[in-house]
Amino acid sequence: GRAGLALARAFGEAGVAVAGIHGRRPVVDDGVTAGPLPAGLRGADVAIVAVRDAQLDDALAELAPALAPQATVLHLSGASDPAGLRALRARGHACG
């Protein structure tokens with residue numbers, strides 16, 4: 001979505017390495033992939049989840065097995081503490 005893409009652009013402009021942007025639909029010009037989560041996600045230090053509140057728990061459940069054990073998970077949701085973060089915390093991920 002717009003928030004995730006804007007954040008990825010800002011990180012890139014600040015010199016932060018962005019491993020990838022994954023969304024519901026591919027956007028070739030912006031490098032957005034869609035479909036199954038990319039294998040490169042396994043090497044990410046931080047995963048930022050920028051989905052609508054109603055989609056957050058499903059997105060976190062899909063993300064959990066794809067992450068490296070040390071990865072930190074951040075969300076941009078307005079929900080104060082999504083239930084989906086419990087499973088990630090149980091796996092040892094720092095979340096917020």
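Refer to the preceding data block for the structure.
Calculation notes
- Numbering of residues starts from 1 in every chain and runs along the sequence as written.
- Owing to the predicted nature of the model, reporting of local features is limited to residues with pLDDT of at least 70; listing and counting of side-chain atom pairs is limited to 80 or more, with chain, interface and lining totals taken over all residues.
- With hydrogens and water set aside, each side-chain value is computed from the structure's full complement of heavy atoms.
- Runs of E in the DSSP output that reach at least two residues are strands. Runs of H or I that reach at least four are helices, and both are numbered from the N terminus.
- As a reference, a globule follows 2.2 Å times the number of residues to the power 0.38, and the radius of gyration itself is taken over C-alpha atoms.
- Exposure categories follow from relative accessible area, calculated using a 1.4 Å probe and restricted to protein chains: below 20% of the type maximum is buried, above 50% is exposed, and the middle band is partly exposed.
- Any residue with relative accessible area above 30% and no salt bridge may belong to a patch, with like charges joined within 9 Å and the nonpolar Val, Leu, Ile, Met, Phe, Trp and Tyr side chains within 5 Å.
- All accessible areas in this document rest on Shrake-Rupley with a 1.4 Å probe, and a residue is counted as covered only by the protein chains that are shown.
- Any Lys or Arg side-chain nitrogen found within 4 Å of a carboxyl oxygen on Asp or Glu counts as a salt bridge.
- What the arc covers is the set of directions going from the helix axis to the C-beta atoms.

## Considering the overall build of the protein
No. 1: Broken down by element type, the protein carries three helices and four strands.
No. 2: The order of helices and strands in the protein, counted from the N terminus, is α-β-β-β-α-β-α.
No. 3: Compactness check: the protein gives a C-alpha radius of gyration of 13 Å against a globular reference of 12 Å for 96 residues, within 12% of the reference.
No. 4: Principal-axis analysis of the C-alpha atoms places the extent of the protein at approximately 35 × 25 × 25 Å.
No. 5: Split into buried and exposed, the 96 residues of the protein put 26% on the buried side.

## Re a nonpolar patch on the surface
No. 1: A cluster of nonpolar side chains, namely Phe-11, Val-16, Val-18, Val-46, Ile-48, Leu-74 and Leu-76, defines an oily patch on the protein surface of about 520 Å² accessible area.
No. 2: With respect to the element layout, Val-18 can be found in the loop between helix H1 (2–13) and strand E1 (21–22).
No. 3: Taking relative accessible area as the criterion, Val-18 reaches 39% and is therefore assigned partly exposed.

## Some thoughts on helix H2 (residues 53–63)
No. 1: Taken residue by residue, H2 has Leu-56, Leu-60 and Leu-63 as its buried positions. In an axial view of H2, the angular spread of the buried residues amounts to 65 degrees, which keeps them on one side of the axis. For H2, the exposed residues lying more than 90 degrees away from the buried face are Ala-54, Asp-58 and Ala-61.

Purely geometric numbers; function is a separate question.
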